[in-house]
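# Descriptive structure summary
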Amino acid sequence: QVQLVESGGGLVQPGGSLRLSCAASGFIFAIYDMGWYRQTPGKQRELVARITIGGGTTNYVDSVKGRFIISRDNANKTVYLQMNSLKPEDTAVYYCNAPAGASTIATIFHSWGQGTQVTVSS
């Protein structure tokens with residue numbers, strides 16, 4: 001079965017940094033684009049970063065561009081999100097999945113991991 005296990009979240013002050021990890025299994029990781037999504041209770045899930053299968057192209061939502069960096073290690077079936085200059089509005093549960101085509105909403109896999117909580121607060 002497809003498994004996506006996120007980790008690395010925590011409580012950090014504004015301006016701080018966190019590095020999230022997503023360990024994948026149950027599918028051929030190296031042939032899928034991957035993305036990081038975030039969700040706040042009561043709000044729609046948002047795709048914040050995506051990376052192509054070989055890692056050659058990345059895309060970011062405007063609100064995180066210049067602050068977040070997505071990367072992947074196909075040998076270890078892991079995708080990372082380096083989060084710098086964090087702001088309170090970055091507070092959310094962060095998930096990984098495989099974007100469907102060019103969509104910012106649809107995903108290849110219908111199952112999601114448990115997510116990892118990121119809280120930015122003084």
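Everything here concerns the structure above.
The structure contained in this document is the topic of the report that follows. Remember, predicted model here, so these are calculated numbers, not experimental data. (Residues numbered from 1 in each chain as written. Predicted model: local features only at pLDDT ≥ 70, side-chain atom pairs only at ≥ 80, totals over all residues. Heavy atoms only, no water.)

### Quick look at the state of the cysteines
Here, the word disulfide means a covalent bond between the sulfur atoms of two cysteines. Inspection of every chain in the model, using the stated rule, returns one disulfide. The side chain of C22 participates in a disulfide bridge whose partner is C96; the two sulfur atoms lie 1.8 Å from each other. In this structure the cystine formed by C22 and C96 twists about its S-S bond by roughly 55 degrees; its chirality is therefore right-handed. One end of the pair, C22, is in strand β3 (residues 18-25); the other, C96, is in strand β9 (residues 92-97), and 74 residues separate them in sequence. For the pair shown, C22 and C96 are each scored as buried. (Disulfide = S-S within 2.5 Å. Helix = DSSP H or I, 4+ residues; strand = E, 2+ residues; numbered from the N terminus. Buried < 20%, exposed > 50% of the residue type's maximum accessible area, 1.4 Å probe, protein only.)

### Side note on the pairing of strand β8 (residues 78-83)
The side chains of a regular strand alternate, first on one face of the sheet and then on the other. Within β8, five of the six residues are buried, leaving the element largely enclosed by the surrounding structure. Looking at chain direction, β3 and β8 are connected through six bridges and run antiparallel. Looking at β8, one finds that R19 is bridged to Q82. Note that strand β7 (residues 68-73) and β8 share six bridges and pair antiparallel. Bridged to D73 within β8 is T78. Taking the residues between adjacent antiparallel strands as the criterion, β7 and β8 are bridged by four residues, where K77 takes a positive phi near 55 degrees. (Pairing = 2+ DSSP bridges.)

### Some points on the sheet that holds strand β10 (residues 116-120)
With respect to topology, six strands assemble into an open sheet ordered β2-β10-β9-β4-β5-β6, the strand pairing being mixed. If you trace the sheet from one side to the other, it starts and ends with β2 (10-12) and β6 (58-60), each paired once. Strand after strand, the sheet turns through a mean of 25 degrees between neighbouring axes, direction not considered. Strand direction decides the pairing type here: β2 and β10, joined by three bridges, are parallel. In the strand pairing of β10, L11 is matched with T119. (Axes fitted to C-alpha atoms, helices over the stretch in contact; angles between N-to-C directions.)

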